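# Coordinate analysis (summary)
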Protein chains: 2
Amino acid sequence: MRIGELARRTGISERALRYYEEQQLLRPERRRSGYREYAEGDVRTVRNIRTLLAAGLSTYTIAEVLPCMTDDGDALVPACPELTTVLSQDRDRLTTAIDDLLAARDILDAIIAAGRSETAQPASDPALTAAPAG
Amino acid sequence: MRIGELARRTGISERALRYYEEQQLLRPERRRSGYREYAEGDVRTVRNIRTLLAAGLSTYTIAEVLPCMTDDGDALVPACPELTTVLSQDRDRLTTAIDDLLAARDILDAIIAAGRSETAQPASDPALTAAPAG
DNA sequence: GTAGACATTCACGTTGACGTGAGAGTCCAC
DNA sequence: GTGGACTCTCACGTCAACGTGAATGTCTAC
């Protein structure tokens, strides 16, 4: 099938599909005209790419792990044992990002809480404003 | 003080300090030579900016909320009540981002688990590894 | 009066997964 | 044979907080 049909069947833009090829996640055949010719299995491959993107992997990592994965129809299964190492590193990256955001939210919560207690109580020392005179 | 001293005293690069001015978070005076002249209070202002950046706020939002905050020496306190609304919206944004990353990690965990059960068991059980749709 | 530290304003580079035209060629039904 | 849908390859734009020169001007200690 050509790129338009694959785009319709997967819900992914043609631009994104060309980008996936550029990142070597897809390798469609070419007609003499230069048109891309996709195989039936590419529909599922695109879905798997989306799953891995949703899992927070970069296209670079996906290109690395995708050839070594099988798709039993229900779940994506890493076929090579060393893949688990790569995936675990990305899991750690995700955890770090999550922790950073949790810490950021804690800071924000403290500021919001300070504002609430401020409106409940009269101000203690409302001078010392280093804020720009907007 | 000039920009170099402020940079040393805050640990923030001169480039960043100029960027903060561009984003209207700082408004130093100017000497006749064009050199920026910072006030003592700007040291604390810069620290507050860093706190708000660490809280996940954009420079645009910080420019919005900074003039309406007081600094009691220990904590940053929103002085205007409507600020809490803005900050709560950013808190929601953070929560959404956190949830997205948690969902991503769940997907990754399912894939990793599928790999482990694949190497542990000779026969796969696809229904067992079915991830919740979403 | 001069070396050299310090400052200034541009302005492009970084990161990633695409969006969005521009200009041109290809395919197919009528 | 033609018109319109389809596809192609560039190639810049997006978002954000800066990094990193380049070319140039200012301040200050000696």
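Under an unreviewed UniProt entry, the name given to chain A is MerR family transcriptional regulator, and the source organism is Micromonospora andamanensis.

### Overview of the overall build of chain A
Secondary structure assignment for chain A yields five helices and four strands. When the helices and strands of chain A are read in sequence order from the N terminus, they spell out α-α-β-β-α-α-β-β-α. Here chain A holds 134 residues, and the buried ones make up 37% of them. Relative to all contacts within chain A whose residues are 6 or more apart in sequence, the contacts with residues 24 or more apart total 43%. For chain A, the accessible surface area stands at approximately 7,800 Å², while carbon and sulfur atoms represent 48% of it.

### Points about the relation of the copies chain B and chain A
Here chain B sits on chain A after a turn of 180° about the axis and a move of 0.0 Å along it, with an RMSD of 0.1 Å. Interpreted geometrically, this transformation is the action of a two-fold axis. Measuring from the rotation axis to each C-alpha of chain B, the shortest distance belongs to B:Ile98, at 3.0 Å. Interface overlap between copies: 77% of the residues of chain B at the interface are likewise at the interface in chain A, consistent with a symmetric, same-surface contact.

### Notes on helix α2 (residues 14-22) of chain B
Residues and elements named next belong to chain B. All of the buried residues in α2 are Ala 16, Leu 17, Tyr 20 and Glu 21. Projected onto a plane normal to the axis of α2, the buried residues spread over an arc of 145° and lie on a single side. With respect to the buried face of α2, the exposed residues turned more than 90 degrees away are Arg 15 and Glu 22. Elements that come into contact with the buried residues of α2 comprise α1 (3-10), β1 (29-30), β2 (36-37) and α3 (41-54).

### Quick word on the protein's contact with DNA strand D
Neighbouring residues of DNA strand D: 22 residues in total, closest A:Gly4, A:Arg18, A:Arg36, B:Ser13 and B:Tyr35. Here DNA strand D approaches the protein such that, of its atoms within 4 Å, sugar and phosphate make up 67%. Within the side chain of A:Arg30, an N or O atom sits 2.9 Å from a phosphate oxygen of DNA strand D. Residue A:Arg36 places a side-chain N or O atom 2.8 Å away from a phosphate oxygen belonging to DNA strand D. For the surface near DNA strand D, the secondary-structure elements that each account for two or more residues are α1 (3-10) and α2 (14-22) of chain A together with α2 and α3 of chain B. The dominant element in the surface near DNA strand D, judged by the number of residues it contributes, is α2(B), at four residues.

Reading guide: rules and limits
- Residues numbered from 1 in each chain as written.
- Chains lettered and ligands numbered in written order.
- Predicted model: local features only at pLDDT ≥ 70, side-chain atom pairs only at ≥ 80, totals over all residues.
- Heavy atoms only, no water.
- Helix = DSSP H or I, 4+ residues; strand = E, 2+ residues; numbered from the N terminus.
- Buried < 20%, exposed > 50% of the residue type's maximum accessible area, 1.4 Å probe, protein only.
- Contact = heavy atoms within 4.5 Å.
- Areas by Shrake-Rupley, 256 points an atom, 1.4 Å probe, with all protein chains shown as cover.
- Least-squares fit on C-alpha atoms with pLDDT ≥ 70 in both.
- Arc of directions from axis to C-beta.
- Near = heavy atom within 4 Å.
- Polar contact = N/O pair within 3.5 Å; in protein donor to acceptor, adjacent residues only side chain to side chain.

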